[in-house]
Amino acid sequence: MVENRPFVTILAHLVLIFGVALVALPVWITFVGASHDGARMLQAPIPMWPGDQFFVNLRQTFLGNGLDGTRTAPVWMMMFNSLVMAMMIAVGKIAISLLSAYAIVYFKFPFRMGVFWMIFITLMLPVEVRILPTFEVIADLGMLNSYWGLTVPLIASATATFMFRQVFLTIPDEMLESARIDGAGPMRFFWDILLPLSRTNIAALFVILFIYGWNQYLWPLLITTDANMMTIVVSIKQMLEASEQTPQWNIIMMTALLAMVPPIIVVIAMQRLFVKGLTETDK
Amino acid sequence: MAEIKLDSLTKTYGPTQVLYHVHADIEDGEFVVIVGPSGCGKSTLLRMIAGLESITTGEVSIGDKVVNGLEPADRDIAMVFQNYALYPHMSVRQNMAYGLKIRKQPKAEIERRVQEAADILEIGQYLDRKPRQLSGGQRQRVAMGRAIVRDPQVFLFDEPLSNLDAKLRVQMRLEIRKLQKRLGVTSIFVTHDQVEAMTLGDRLMVLNAGYVEQFGTPIELYDRPATIFVAGFIGSPAMNFLPATAANGTVTLGNGVSLPGADGVSGPVTFGIRPEHLVPDDTGPIRVCVQLFEALGANTLLHGVLEGTETAVVVSLPGHVTLEPGETRSFSAPPAAQHLFDSDSGARIEP
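Cut-offs applied
- Residues numbered from 1 in each chain as written.
- Chains lettered and ligands numbered in written order.
- Predicted model: local features only at pLDDT ≥ 70, side-chain atom pairs only at ≥ 80, totals over all residues.
- Heavy atoms only, no water.
- Domains from an automatic or database assignment.
- Contact = heavy atoms within 4.5 Å.
- Buried area = accessible area lost by both parts, 1.4 Å probe.
- Salt bridge = Lys/Arg side-chain N within 4 Å of Asp/Glu carboxyl O.
- Helix = DSSP H or I, 4+ residues; strand = E, 2+ residues; numbered from the N terminus.
- Phe/Tyr/Trp six-rings, centres within 6.5 Å; stacked < 30°, edge-to-face > 60°.
- Buried < 20%, exposed > 50% of the residue type's maximum accessible area, 1.4 Å probe, protein only.
- Lys NZ or Arg CZ within 6 Å of the ring centre and 35° of its normal.

Q: Explain the domain arrangement of chain A to me, please; I cannot follow it from the model alone.
A: Size of an interface: often given as the accessible area lost when the parts come together. Residues and elements named next belong to chain A. Examined at the domain level, chain A breaks down into domain 1 (6–63) and domain 2 (75–279). Taking only C-alpha atoms, the centre of domain 1 and the centre of domain 2 are 31 Å apart. Listed as interface residues are 17 residues of domain 1 and, on the opposing side, 15 residues of domain 2. Summing both partners gives a buried area of about 1400 Å² for domain 1 against domain 2, and 79% of it is carried by carbon and sulfur. Taken together, the connections running from domain 1 to domain 2 amount to 0 salt bridges. Elements that contribute at least two residues to the side of domain 1 that touches domain 2 include exactly α1 (6–33), α2 (38–41) and α3 (54–63). Among the elements that make up the side of domain 1 that touches domain 2, the one with the highest residue count is α3 (7 residues).

Q: What is the right way to look at the packing of aromatic side chains in this model?
A: The geometry of two aromatic rings is summed up by the distance between their centres and the angle between their planes. With the rule as written, the count across this model stands at 22 aromatic pairs over all chains. For the ring pair Tyr102 of chain A and Phe107 of chain A, a centre distance of 5.2 Å and an interplane angle of 85° mean the geometry is edge-to-face. When its relative accessible area of 33% is taken as the criterion, Phe107 of chain A is described as partly exposed. When the centroid spacing of 5.5 Å and the interplanar angle of 15° are considered together, the rings of Phe229 of chain B and Phe233 of chain B count as stacked. Separated by 4 residues within a single helix, Phe229 of chain B and Phe233 of chain B lie in helix α8 (residues 228–233), roughly one turn from each other. By relative accessible area, which is 22% here, Phe229 of chain B ends up partly exposed. A residue is classified by how much of its surface remains accessible, and Phe233 of chain B, at 16% relative accessible area, is buried. An aromatic cluster is built from Tyr102, Tyr106, Phe107, Phe164, Phe168, Phe189 and Phe190 of chain A, whose rings are joined through pairwise contacts. In this structure, Arg146 of chain B is placed above the aromatic ring of Tyr87 of chain B, and the distance from its NZ or CZ to the ring centre is 5.0 Å.

Following this line, the structure appears as C-alpha cells:
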C-alpha cells in the first residue's frame, strides 16, 4: 500500500497477528503439553505455560525408556519408518515423473497423447478410491509390512508428470538441437541438460512430495500391522486409542512435536531452491 | 574443410511442400548466404543440411560423403543458433567444451582448444561466467566459440545476428566475415537481411517460397537479377518496377514515353531501374512528380510517381538536394542500368 494511514496499518497488523495466533496456538499447546509430566496433563485446566519436563519427555518418547524405568514404544523407530517412506515416495515420484515427462515431451511414439491423457486421468484415482484393489495387489505380492508396500502404490504421480512436462516444454528446442550437434545422446541430454535445468523445480516438488509422504495416514494404517513398521503419524493415533489405560498426553504431544520436525527441516533446507524454482525463468 | 553438394533437395510437411529441388555446389572454404523473406524455407534448408530436419527427397553431401542418414553429430558440422542455445547452467568454458567432452577428447586437448577459441574471439575473461551474466554480443561470441572449438568441416549459421542491436550487428558481421576467411571453413549463413547477405557472402542463394530464384555472387545478383523477385529483394531502396510494353526494339512506359529497348521482345514487360541509376537530366525521358523526399545526408531519396501514372518511383540523388512537393523532375536511364522482365513469369529478358 502506498497510503500512509495509521489506522489501516494497525488493522492490517491486527488481522495478521490474529491469523498467526490461530495457526500457532495448537503448536504452542502441543509444545506446552510436551513439557509437563503425565500427571499434570490429566488435571484441568490444561497448562498454558511450559513446564520443566521437556527433556525428560523427549528422552522417554524418543528412545522409549524413561528415567524412572517406564517403557513406551520408541518413537525414533517410527520416525525412521516415516522418513524412509517419505523419502522413497518423494524420490520415486520425482524419478518416475521425470522419465515419463521426458518420454512424452521428447519422443515420438504411437498414441503419445493417449498415454499422456491416461496418466493425467489417474489424477482422479487417488489411493483412497482404489484402496481395496490396491490392497489386494500388495497383499498378493507379499509386500504387507514392508517399505515397498508402504510406498509403491503411492509413487506414480500424474501431478508431477504434468509439472515436469510443462517445465520441459519451456526449454527451447534449440537446446535439444544444440545438444544433438554436440553429440549428446538421449540419456546424456537428459542427464546433462534437462536435469540441471529442472533442478529448482525438482527441489520445489521434493518439498511438497516429502510432506505428502510424511503425512500419509490411511495407507500405512492398512498395510502395516507390525509395530516395527509403524509410521509416526499412525502411531499418534494408536497412542490415543490405548483404551486400557489413560492416554499419556505428555508423550503424545511430544510425539506430535517430533512428527513436525522433519518436514520443517526439509522446508528450511530447501527454501532457497524452492523460491528460486517458483521465480527463476532464465532457461 | 569440405565442399557441400545439394542435389535436388525437396522437403514436404504432410501435404505442404516447402522446398522444391534445391541444387547447389558449394566450394571448399566458400561463404554462402541463403537469403529470403520469412517463410521461404531458408531455415528448413539449413536444418536439413545440419541433419535436424529429415530430407524428403534428394541428397546432401559434405566432402564427397552423402550424409542423408547421419546424425547431426556425425556430419562434422557446427551450428550457431538465432537465440544462441547456450546451456544456461554451464559456464562459458563448459559450454564450449561440452561437445569435445562427449567426444572423449583428452582433458588437456579440450583445455587447449577452448583457450585457443577464446583467444580468437577475445572472450578469455568470461570463461568462468554463466551465459546469463553476459551481454547479447558476448553470448553471440560464445556461441561462435562453441562452433570453433569443434574444428568442424562446415559452419552453419541460422540468423545469428538478428537478436543484436543495429550497431553490434554491423560489428559482428565484419567479425564473422574475418573469422571465416581466417579459418577457411566452408560456411552457410541464413538471413532475411539483404545487406547482411550482400556483405557476408561469397555467393548468395535467394530463396522465395521454396524455390531458388538465383544463386550467384552479390554483384551478379545486383547487376543481373534473374527474376523480378531478386531484383526487388537485392538493393536498398528497392528497384523501381514500371509496367511497359515492348515492341520493335523500344519499350513504352505507362504514360506513353518510349525508351530504346531490347530487340526481338514484344508484349507486356516490366521495366526495372534502380533508384541510384536514374540520372538527373533536364531532357531525360523519365519525368517524375515529386511527392516527398527524405534527406539522409549522404544522399536524398525522392519519392514520387511517374508523370501521368500512379506508378510509384523512388530516386536516390547524391548529396543534398532540395525538392518541392508537386514539382516535376526529369531523369534519364542509362541503357546498361535498365532491366527488363517478363510480366508473366517474372524472368529476366536479356537484351
